[in-house]
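Next come the chains, spelled out residue by residue.
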Amino acid sequence: MDEQRRQELLDSLPDDPVNTERPPESLQQKADRISSVTGHPTEDDITLPSQLESLADQLARQYDYRPLVELEQEDPERAQEHRDAAAHLAPWIQECPREERRAAFGRGFDKGKERQKLRTAGDVRRLTDEVAELRQDRDPDGLRARIRDLEYALEG
C-alpha cells in the first residue's frame, strides 16, 4: 500500500484520545475529506445554501408572518437571526433521519434475533424428534433400554 493511501486511511479514522496528533474536525470537514478521497458525495453534503435559505424563510413566515425577503428589507437583524437559527437547526434536521435509520435497524436486528431463536428452538425440537425416531427404528420395542435396566438391576 503506498504511503499516500495509507495516510488517507489513517486520516479517515475517527478522532480519539489516542490519536491526538491532529486537531479535532467538524462533521462537515470529515464529510469533505471523505468525499474528496472517495470521489463520492456523502450524506452530510445535502445541506445546500438554498436549503438553508428556504429553512430561514420558513422560520420567518412562522414567527414573523412574512417572507424572509420582506423581513430583510424591514429588519435585517431579525432576518439574520432566522438565518442563524436555520444554520443551527440544519445539522439537527439532517441527523434525525440517520437516527431513525439506526433505530429501525436496531428494531429489525432485535426482531431477527428473536426469530432466529424461535427457528433454532424449532430445529432443535425437530432434530430431537428425528433422533428419537431413528432410535425407535433401530430398537422398535425398546428392548435395548429394557436390557440396560435389567443389567443395572442385576449388578445391584
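All figures in this text were calculated on a predicted structure; none of them were measured in a lab.

Turning to the nonpolar core, a few remarks are in order. One finds Ala56, Leu59, Ala60, Leu68, Leu71, Ala79 and Ala86 forming the largest nonpolar core, which totals seven residues. Among the secondary structure elements, those contributing two or more residues to this core are helix H3 (49–64), helix H4 (68–74) and helix H5 (76–138). With three residues, the top contributor of residues to this core is H3. Dropping the residues within four chain positions of it, alanine 79 is found in contact with Leu68, Leu71 and Glu72.

To continue, consider the pattern of salt bridges. Following the criterion strictly, the structure yields 10 salt bridges and no others. For aspartate 57, the salt bridge is made with arginine 61, and the minimal N-O distance between the two is 2.8 Å. Residue aspartate 57 and its partner arginine 61 are located together in helix H3, separated by four residues, close to a single helical turn. For aspartate 57, a relative accessible area of 18% corresponds to the buried category.

Conventions used here
Residues numbered from 1 in each chain as written. Predicted model: local features only at pLDDT ≥ 70, side-chain atom pairs only at ≥ 80, totals over all residues. Heavy atoms only, no water. Core = buried A, V, L, I, M, F, W, Y, C linked by side-chain atoms within 4.5 Å. Buried < 20%, exposed > 50% of the residue type's maximum accessible area, 1.4 Å probe, protein only. Helix = DSSP H or I, 4+ residues; strand = E, 2+ residues; numbered from the N terminus. Contact = heavy atoms within 4.5 Å. Salt bridge = Lys/Arg side-chain N within 4 Å of Asp/Glu carboxyl O.

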